[in-house]
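# A look at the structure
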Amino acid sequence: MEKQPLPADDDKTEATEVDGLTGESSPQETSEPDARAGWNSKIEYFLAQVGFSVGLGNVWRFPYLCHQNGGGAFLLLYILLMLLVGIPLFFLELAAGQAIRQGSIGVWKYISPRLSGIGYSSCVVCFFVALYYNVILAWSLFYLGNSFQHPLPWEKCPEEGNVTVKECSESSPTSYFWYRKALDITDSIDETGSFNTYIVCCLLAAWTVVCLGMFKGIKTSVKVMYFSSIFPYVVLFCFLIRGLLLDGAFQGIGFMFYPKLEIWADVQVWRQAATQVFFALGLGFGSIIAYSSYNPRNNNCHRDAFTVSFINFLTSVLATLVVFAVLGFRAKNKAMECLVPNNVMPLFNYSDPKSVALEDYRVWVKQYGSMVPGNLTDCDLEKEMQKGVEGTGLAFIAFTEAMTLLPGSPFWSALFFLMLLNLGLSTMFGTMEGILAPLSDRFKCLARNKTKLTIASCIIGFLLGLLFTQRCGNYFVMMFDDYSATLPLIIVVVFETFSVSWLYGADRFLNDIEGMLGWRPSVVYKYLWKYICLLAMLGLLGATTIRMFLSRPTYMSWNQEKASEENLEYPDWALAVLALLIIFATLPVPVGFIHAFLQKRNTQTSRDAENDTVSLLLSLGVTSHVQNAKHIYIMPAVKLGLCEGDELH
């Protein structure tokens, strides 16, 4: 039987559900509410998509990957993967949501009922991410609150009885404040500890802000996004201008862009670049689909895919410039502190160590350092640049330390953490929409009580999020960040790509897009979806899985006695939790397949039973007539529970 196209705008009461595996179609009542919300303007939609896709990863993950993996060479690799994989998949999700006008559950159930579990998996992953992502917002709130004092509390080590605290003196003031004052962290994940009262209060505040922003759906969240999506760019440009005026800024930027083309031969670099493209655009979460479902059908989603992706990339580059300008300044100060004036160095001005050229000092140490009594340090700027430049280490240790060196440090600190808060808030709105929109579209009882659903979701999120406010909570944040989303989302996108390009049909999907936009996208997308994107995602899935099994998962802990970080293996119980997170997130896919298979078999059995009943009635002479040799109508069949004129197939 010929497959039906995607629904048109006037398909309000009934939609044709297509079985992508058999090619059969069956009518099914749509779960979409009759009056679906929409964006008031294109700028609202644009701010929502950009706000969701541009998040904390652009600021603290991309710069680290760029620096560690070849600088300019990594940028070229990232652009290549963005064009071949990222943008086509982003366009696919935008088009699917806009055409079917439902959340992720309804979209994938419509395209292929046997893969309806894809949408539920997206919701589960969104929920996992929302749990720990809001904890990061709570940390940002805590630091923001502590920024309104001079000097900043992480600027100097505290003293106990006129003696500097050992843990601080052996590490640094910023490390001490982060691990001891903010987190009060335990030495390992096995030691749970009590709840951190300050972080619990900040988490409650973070969930309250999210709840108020999502209270009336996109109508209220978009009002917040006018500020939360634009303000980070203002801050980044302010930091860029200030950073470029700092000593060491251009050395830092030079380290970032220095190309190391040999890294293209490293498979792990390709894996990291592909993963960053994947998460930077927010593929698989269902939030892209949810936001695009509020668009009119004639919206140019093809142009949107390129525009949002381009802005996302430019934001990553802008953030990288800012990070390495400031970290270059920090590294230069660290390196200059290690200069050791000595009588045997007559060419240097000891009264002003900053007048000494760092390169000249390093050359002198290599040539004559062994002749000087005592230990001289080789002040390597590159080594200083590599210290603490990823994730929370960048935001809450390295960057905070750099800001203490700036005049007016409280102002810059407040500005920075307010920027992190807004970046995270826009992403949280999109993540929550990836949960609420599909559930509301799928279940009408929830659609009628969406405000209650929003409040209930935030309350549950806060209560479960208390896990991360324990003294060992940071270790659970790392666990969720590394494992609860990565593998499940890759699996989700693999099935998304397969269901559209092979089950539903890439040509057919392009026909539907042509019906929406009035013009047909290039046939190149057909081959990208069917081969390049699918193979790339399968390769990423394989590389990620193999990496997990080749070595036991580890996490970075803080040892209070040593006052330093150390890499520890997850204990067995933590590995069990890790495995359950992945299983729970991916389980809806096979469950949905089995449910659809059993439902189809039951339907077939019911039809066979009806045919047997018809044959029996025909043999008994109870039936009346056959019309058009296609449908049999049972007239005196009230005893069988049928009404006059009921149709048996």
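Residues numbered from 1 in each chain as written. Predicted model: local features only at pLDDT ≥ 70, side-chain atom pairs only at ≥ 80, totals over all residues. Heavy atoms only, no water.

The next point concerns the overall build of the protein chain. Of the regular secondary structure elements, the protein chain holds 26 helices and seven strands. Every one of the 649 residues in the protein chain was classed for burial, and the buried ones make up 55%. Accessible area for the protein chain stands at about 28,200 Å²; split by element, carbon and sulfur atoms hold 61% of it. (Helix = DSSP H or I, 4+ residues; strand = E, 2+ residues; numbered from the N terminus. Buried < 20%, exposed > 50% of the residue type's maximum accessible area, 1.4 Å probe, protein only. Areas by Shrake-Rupley, 256 points an atom, 1.4 Å probe, with all protein chains shown as cover.)

On to helix H24 (residues 524–550), then. For H24, spanning 27 residues, the distance from its first C-alpha to its last is 37 Å, which sits close to the expected 39 Å at 1.5 Å a residue. A bend of about 30 degrees at Cys533 is the largest found in H24. (Expected span 1.5 Å × (residues − 1). Bend = angle between axes of the 7 residues up to and from the residue.)

What follows concerns the packing of helix H11 (residues 231–244) against helix H19 (residues 409–442). Direction vectors running N to C along H11 and H19 enclose 145 degrees, while the axes themselves pass 9 Å from each other. Read as a crossing pair, H11 and H19 show a hand that is left-handed. Across from Phe231, Pro232, Val235, Leu236, Cys238, Phe239 and Arg242 in H11, the residues of H19 making contact are Trp412, Leu415, Phe416, Leu418, Met419, Asn422 and Leu423. (Axes fitted to C-alpha atoms, helices over the stretch in contact; angles between N-to-C directions. Left-handed = near helix turned anticlockwise from the far one by under 90°. Contact = heavy atoms within 4.5 Å.)

The final tally for this structure, using the stated rule, is eleven salt bridges. Where Asp184 meets Arg180, a salt bridge forms, and the shortest distance between an N and an O atom there is 3.1 Å. The exposure class of Asp184 is partly exposed, given its relative accessible area of 28%. Salt-bridge contacts for Arg552 lead to Glu569; the nearest nitrogen and oxygen are separated by 3.6 Å. With Arg552 in the loop between H24 and strand S3 (554–559) and Glu569 in strand S4 (residues 564–569), this pair connects stretches of sequence that are 17 residues apart. Residue class for Arg552 comes out partly exposed when judged on its relative accessible area of 33%. Take Glu569: its relative accessible area is 52%, and that puts it in the exposed class. Several salt bridges share partner residues, and in doing so they unite Glu167, Arg180, Asp184 and Arg471 into one network. (Salt bridge = Lys/Arg side-chain N within 4 Å of Asp/Glu carboxyl O.)

Helix length check: H11 (14 residues) gives 20 Å between terminal C-alpha atoms against 20 Å at 1.5 Å per residue, within 8%. Residues Phe231, Pro232, Val235, Leu236, Phe239, Leu240 and Gly243 constitute the buried set of H11.

Right, let's get into the UniProt feature "binding site: Na(+)" (unreviewed entry) in the protein chain. Listed under "binding site: Na(+)" (unreviewed entry) in the UniProt record, and renumbered for this structure, are Gly51, Val54, Asn58, Asn312 and Leu423. For the residues just named, distributed over 373 residues, the greatest C-alpha separation is only 12.4 Å, placing them together at one site. The topology assignment puts Gly51 in helix H1 (residues 42–53). Those residues in contact with Gly51, other than ones at most four positions away along the chain, are Ser229, Leu423, Ser426 and Thr427. Turning to its location among the elements, Leu423 is positioned in helix H19. Among residues more than four places away in sequence, those in contact with Leu423 are Gly51, Val54, Gly55, Leu56, Val59 and Pro232. (UniProt positions renumbered as here; feature names shortened; annotations may be inferred.)

This part takes up the packing of aromatic side chains. Remark: the centre distance and the inter-plane angle together describe each pair of aromatic rings, the angle taken between the planes. Scanning the entire structure with this criterion turns up 45 aromatic pairs. Between the aromatic rings of Trp139 and Trp178, the centroid separation amounts to 5.1 Å while the plane-to-plane angle is 85 degrees, which identifies the pairing as edge-to-face. Placement of Trp139 in helix H6 (residues 117–146) and of Trp178 in helix H8 (residues 173–182) is noted, with a sequence separation of 39 residues between them. We classify Trp139 as buried; its relative accessible area is 2%. A relative accessible area of 1% means that Trp178 is categorised as buried. Note that Arg442 overlies the ring of Phe443, its terminal NZ or CZ placed 5.5 Å from the centroid. (Phe/Tyr/Trp six-rings, centres within 6.5 Å; stacked < 30°, edge-to-face > 60°. Lys NZ or Arg CZ within 6 Å of the ring centre and 35° of its normal.)

Right, let's talk about the side chain of Ser499 for a bit. Structurally, Ser499 can be placed in helix H23 (residues 486–517). For Ser499, a relative accessible area of 1% corresponds to the buried category. Those residues in contact with Ser499 that sit more than four places away from it in its chain are Trp108, Ile111, Ser112, Leu115, Ile118, Tyr504 and Gly505.

The next subject is the state of the cysteines. For the structure on display, the rule yields one disulfide. Cys201 forms no disulfide, and the closest cysteine sulfur to it belongs to Cys202, at a distance of 6.9 Å. (Disulfide = S-S within 2.5 Å.)

So, about unusual backbone geometry. For residues other than glycine, phi is negative in most cases, and the peptide bonds are mostly trans. The omega torsion across His150 and Pro151 is 0 degrees, close enough to zero to call that bond cis. On the secondary structure map, Pro151 appears in the loop between H6 and helix H7 (166–169). Despite not being glycine, Arg101 shows a phi value in the positive range, around 55 degrees. Inspection of the secondary structure assignment puts Arg101 in the loop between helix H4 (72–100) and helix H5 (104–111). Relative accessible area serves as the criterion here: at 14%, Arg101 is assigned to the buried category. Phi at Ala563 is positive, roughly 55 degrees, even though this residue is not glycine. Of note, Ala563 is situated in the loop between S3 and S4. The buried category is assigned to Ala563, whose relative accessible area is 5%.

With that settled, the discussion passes to the packing of H6 against H19. The geometry of H6 relative to H19 is characterised by a closest axis approach of 9 Å and an angle of 155 degrees between their N-to-C directions. One finds that H6 runs roughly antiparallel with respect to H19. For the pair H6 and H19, the crossing hand works out as left-handed. (Parallel < 35°, antiparallel > 145°, perpendicular 65-115°, else oblique.)

Before going further, it helps to examine the pairing of S4. On a regular strand, one side chain projects to one face of the sheet and the next to the other, so that they alternate. Sheet topology places S3 next to S4; six bridges connect them, and they run antiparallel. Residue pairing in the sheet places Trp558 in a bridge with Glu565 of S4. Between S3 and S4, which pair antiparallel one after the other, the connecting turn spans four residues, and Ala563 there sits at a positive phi close to 55 degrees. (Pairing = 2+ DSSP bridges.)

Looking now at the confidence of the model for the protein chain. Atomic detail in the predicted coordinates should be set aside for any region of low pLDDT. When pLDDT is averaged across the protein chain, the result is 81; 80% of the residues are at 70 or more. Across residues 623–649, where pLDDT falls below 50, the model places 40 contacts with residues more than four positions away in sequence or in other chains. (pLDDT = per-residue confidence, 0-100.)

Turning to the environment of Arg180, a few remarks are in order. As for its placement among the helices and strands, Arg180 is situated in helix H8. Taking the C-alpha atoms as reference points, Arg180 and Trp558, 378 residues apart in sequence, are found 9.6 Å from one another. Among residues more than four places away in sequence, those in contact with Arg180 are Glu167, Ser175, Ile185, Arg471, Trp558 and Gln560. Within the structure, the side chain of Arg180 is placed 3.1 Å from the side chain of Asp184, a separation counted as a polar contact. Side-chain polar atoms of Arg180 contact the backbone oxygen of Ile185, separated by 2.9 Å. (Polar contact = N/O pair within 3.5 Å; in protein donor to acceptor, adjacent residues only side chain to side chain.)

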